[in-house]
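# Observations on the three-dimensional arrangement
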Amino acid sequence: MAKFTISVNGKRETVDVLPDTPLLWVLREQLGLLGTKYGCGLGGCGACSVLMDGRTTRSCQTPISEVHDRPIVTIEGISEKGLHAVQKAWMEEDVPQCGFCQTGQIISAISLLKAKPKPTDEEIDEMMAANFCRCGTYERIRKAIHRAAKEMA
Amino acid sequence: MRTASRRTVLKVGAGLGAGLVLGIRVRGDAIEIEKANTTQGFLPNAFVKIDPQGVVTITAPRPDMGQGVRTSLAMLVAEELGADWEKVQVVQAPGDRQTYGGQTVAGSGSVRGSWGPLRLAGATAAAMLRAAAAKKWGVTPDAVTIAKGRISSGSKSGSFADFVGEAARLPVPDRSSITLKTKDLFTLIGKPVKRVDNEAVVTGKAVFGLDVRLPGMKTAMIARPPAFGGKVASFNAEAAKAIEGVRDVYEGPTGVVVIADDTWRAHKGIEALDTKFDAGPNAEFNSAEMTRRFKEAVKPFPDLPSGLKVVEATYEQPFIAHNPMEPMNCTVHITNDKCEIWAPTQIPDSVRDLAARATGLDASKVTVHVTLLGGGFGRRLSADFISEAIGIAQRAKTPIQLVWTRIDDTKHDNYRPANYHAVRGGVDATGMPAAMLWQSFEAGRGRGRGGGWTSLRLPYSMSTVSVLQEGVASPVPTGAWRSVEHTYTIFVQECFFDELCHAGGQDPVKARLALMTNDRLKRTLEMCAEKAGWGKAMPKGWGRGVACFSGYGSHITQIADVEIKDGEIKVRRVVAVVDCGLAVNPLGIEAQIQGATMDAVSTAIGVKIAIQNGAVRQQNFGDIGWGRIGDAPHVEVHIIADGDSPGGMGEVGYPAAVPAILNAVFAATGQRIRRLPAGDELE
């Protein structure tokens with residue numbers, strides 16, 4: 001066990017865990033930030049996505065020992081000052097079915113819109129490819145990203 | 001719609017005075033409405049609660065796995081009650097058949113099964129509020145109306161809060177005195193209504209099974225023998241126990257259990273075990289052997305009527321896993337006199353029974369909390385993971401959460417059975433499909449009804465139609481997968497019908513319309529052909545295919561457009577026309593058709609579970625073949641809803657979408673793919 005201090009949603013947090021503990025489990029089980037989900041454990045589904053240094057990162061593939069002082073933002077941090085435009089768009093388009101993957105989808109969509117403020121369907125398909133939705137909500141995800149893009153323009 | 005987590009509602013409800021709480025008891029066909037003890041504040045064992053402040057809380061009796069029943073079922077109550085939907089709160093019923101009736105979510109039956117009882121519950125509460133207002137205003141109850149949470153009569157008007165105290169003192173009116181709204185009076189049912197849980201989901205506050213955290217809770221994981229029928233040969237308990245925070249290691253009924261302070265250390269413990277397994281009696285079994293057994297089971301066909309042009313084909317589908325997004329998990333806390341379970345389950349009432357049996361406690365001492373389900377698709381109709389968790393909690397004495405990895409989920413499912421079909425049919429002198437003889441084999445027990453050939457009901461009028469259904473021995477555990485046997489019967493029926501059409505030189509839509517016996521299905525086909533532009537020329541490399549399905553009380557036609565690009569099948573558009581009788585929530589219906597269509601895209605083209613050395617070869621999402629956003633077609637959904645009661649919806653969008661895609665691949669390429677997944681077969 002070892003102590004690590006990380007910055008999550010603007011707060012400094014110190015945890016005492018095994019050094020190879022993935023950030024995912026630190027967020028969920030040490031810090032109680034349960035919006036970040038476990039889906040595959042291999043970085044293959046995107047349910048565990050968080051923003052690290054502003055970029056989409058698979059928290060299940062990020063050992064706590066490699067986080068250092070890079071700021072982490074989780075889904076909880078996205079809506080601290082009210083719902084984000086992407087979250088609102090997700091609700092407006094009624095995207096969620098089971099909902100389990102959607103926090104990861106939203107994190108990836110926020111990253112995408114930062115890189116491409118007006119994405120085409122093809123760009124959405126390419127940049128959201130790492131996020132799996134078993135319910136098949138993809139069509140509404142595309143619509144919600146377009147809606148958020150308009151809102152944020 | 002205000003969404004309130006269960007915790008919020010409990011806080012709101014605690015310590016309240018009198019309110020109106022109506023419960024429903026379903027005994028056989030009888031539905032009884034009972035008034036709960038209103039001197040207690042929050043009573044979750046009821047469908048409708050109106051607290052003294054007028055806040056309406058509706059209990060969803062059945063679990064939500066993404067099919068949206070927490071929304072659609074609450075709509076049924078709110079419609080009849082006349083509640084202001086924006087202010088309604090929805091809470092989830094615990095597993096309790098006596099109070100809530102059957103709670104299983106399967107067979108696209110939730111809305112159909114609750115259509116009567118939940119509207120009656122709402123209407124009964126409304127009748128009591130109207131009676132209370134009538135008494136105060138000196139008018140007859142008929143002169144009182146309720147809409148959007150306001151009770152009014154002429155110039156008089158009041159809120160639910162104004163009358164709930166009086167209403168709670170009235171006797172529950174007899175069922176025969178309650179009139180349910182006719183369809184033309186609906187103000188909520190039939191409108192596009194968004195999910196009640198949307199805000200909780202997008203903010204990460206929604207509570208799934210894995211999000212249950214209890215004080216002192218430990219995490220358990222299990223190293224299971226990968227081969228079906230395999231056994232644990234050896235494991236290094238000491239190595240696992242050497243990891244700080246690993247609390248217990250032992251061999252349980254399904255594998256080696258590691259209990260640790262958190263999930264990562266449980267996972268490390270499992271790795272440290274270095275468990276060795278005996279593959280057991282099925283070590284030689286693989287997918288090729290399954291196919292060989294299927295082929296061996298095929299029998300000689302009876303004679304077809306003479307004079308037909310004969311068409312023969314065989315079809316095959318592999319095993320597939322459910323792979324819901326949230327891995328299997330269950331949280332259990334057992335003390336001397338009670339058992340508490342938190343589970344994402346499709347069978348909460350049955351879980352209570354099995355927990356009572358397993359613990360020896362009376363069912364009244366067992367509480368089954370139902371969390372949101374991160375997907376179901378039939379996987380959570382099995383309680384294997386719940387039984388494991390109960391067993392571990394009995395030993396652990398502390399609250400435990402059993403967590404399956406994705407690899408556990410992939411390798412230890414109850415799979416959709418592999419299936420194989422030998423079909424012989426014929427077209428008559430006019431070129432029309434006239435006969436179909438069908439031998440249908442399913443891995444495992446099968447669905448045979450006593451063996452031999454029996455008549456088969458197709459939606460098409462043909463002179464000879466018979467089926468022979470048998471199970472073929474397999475060590476692979478199987479279970480229900482979204483739309484169950486229709487996943488393959490409609491694939492075969494609609495692909496083979498297409499083959500007959502082409503053999504007879506018939507247009508697949510025109511031939512279907514000529515022979516179709518169900519008018520509702522026929523109407524979906526006519527409308528779908530028009531919406532999809534059936535018959536219009538397609539670019540080179542593109543193809544269009546059609547298929548139809550009646551089931552679960554609904555009827556659907558789907559027309560798929562595919563493009564073959566760089567040797568891959570890309571489904572570009574699927575037009576669906578569904579007749580569901582009455583549409584409760586059009587937004588939910590569209591979502592179910594879109595999702596089921598995506599399931600069809602994945603399983604028609606990419607998904608398979610292969611068996612090798614008696615075990616599943618696939619590991620994780622990367623090698624199973626589920627489609628991603630780039631594989632998702634544009635799905636256009638048109639709803640016909642001019643009936644008086646709703647048909648099922650959760651499974652309706654799957655069966656015909658697979659053959660529509662395969663028929664489109666034929667139209668694009670001339671290659672008839674009869675073995676799935678098609679991505680492996682495309683030349």
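Computed from a predicted structure; not experimentally measured. (Residues numbered from 1 in each chain as written. Chains lettered and ligands numbered in written order. Predicted model: local features only at pLDDT ≥ 70, side-chain atom pairs only at ≥ 80, totals over all residues. Heavy atoms only, no water.)

### Quick look at the interface of chain B and chain A
In this assembly, 57 residues from chain B lie in contact with 53 residues from chain A. Buried surface at the junction of chain B and chain A, both sides included, amounts to about 4700 Å², of which 58% is carbon and sulfur. Taken as a group, Val-202, Met-325 and Ile-629 of chain B account for 19% of the area that chain B buries against chain A, more than any other trio of residues on that side. Joining chain B to chain A, the criterion identifies 7 salt bridges. At the boundary of chain B with chain A, the tally comes to 28 residue pairs in polar contact (both at pLDDT 80 or more). With 8 residues, helix H16 (residues 586-605) of chain B is the single largest residue contributor to the side of chain B that touches chain A. (Contact = heavy atoms within 4.5 Å. Buried area = accessible area lost by both parts, 1.4 Å probe. Salt bridge = Lys/Arg side-chain N within 4 Å of Asp/Glu carboxyl O. Polar contact = N/O pair within 3.5 Å; in protein donor to acceptor, adjacent residues only side chain to side chain. Helix = DSSP H or I, 4+ residues; strand = E, 2+ residues; numbered from the N terminus.)

### Here we look at the environment of Val-492 of chain B
Residues and elements named next belong to chain B. Structurally, Val-492 can be placed in helix H13 (residues 486-503). Val-492 sits in the buried class, given a relative accessible area of 0%. Spatially, the C-alpha atom of Val-492 lies 48 Å from that of Lys-365, the residues being 127 residues apart in sequence. Sequence-distant contacts of Val-492, that is, excluding residues within four places in its chain, are made with Tyr-315, His-421, Val-423, Met-436, Trp-438 and Phe-497. (Buried < 20%, exposed > 50% of the residue type's maximum accessible area, 1.4 Å probe, protein only.)

### Some words on the sheet that holds strand E25 (residues 568-579) of chain B
Residue and element names in this part refer to chain B. Across the sheet, which stays open at both edges, the 4 strands sit in the order E23-E24-E25-E28 with mixed pairing between neighbours. Looking at strand neighbours, the two that pair on one side only are strand E23 (542-551) and strand E28 (634-640), the edges of this open sheet. If you compare each strand with its neighbour and ignore which way they point, the axes differ by 15° on average. Looking at chain direction, E23 and strand E24 (residues 554-565) are connected through 10 bridges and run antiparallel. Directly across from Phe-549, in E24, lies its bridge partner Ile-556. (Pairing = 2+ DSSP bridges. Axes fitted to C-alpha atoms, helices over the stretch in contact; angles between N-to-C directions.)

### Here's the deal with the packing of helix H3 (residues 85-92) of chain A against helix H6 (residues 138-152) of chain A
All names here are of chain A. Running from N to C, H3 and H6 point in directions that differ by 135°, and their axes come no closer than 8 Å. Here H3 lies oblique to H6, going by the angle between them. Pair H3 / H6 crosses with right-handed handedness. In contact with Ala-85, Val-86, Ala-89, Trp-90 and Glu-92 of H3, H6 contributes Ile-141, Ala-144, Ile-145, Arg-147, Ala-148, Glu-151 and Met-152. For the contact of H3 with H6, the residue count by class is 9 nonpolar, no polar and 3 charged. (Parallel < 35°, antiparallel > 145°, perpendicular 65-115°, else oblique. Left-handed = near helix turned anticlockwise from the far one by under 90°. Nonpolar A, V, L, I, M, F, W, Y, C, P; charged D, E, K, R; others polar.)

### Quick word on empty space enclosed by the protein
Per the counting criterion, the structure on display carries 5 cavities of 30 Å³ or more. In terms of lining, the largest cavity is formed by 14 residues, of which the most central are Gln-97 and Cys-98 of chain A together with Asp-64, Arg-195 and Asp-197 of chain B. For the lining of the largest cavity, the class distribution of residues is 7 nonpolar, 4 polar and 3 charged. (1 Å grid on protein atoms, 1.4 Å probe; cavity = no way out; pocket = protein on both sides within 12 Å on 5 of 7 lines; lining within 4 Å. Points joined across faces, edges and corners; volume = space filled by probe spheres on them.)

From the geometry alone we can't say anything about function, so treat these as descriptive.
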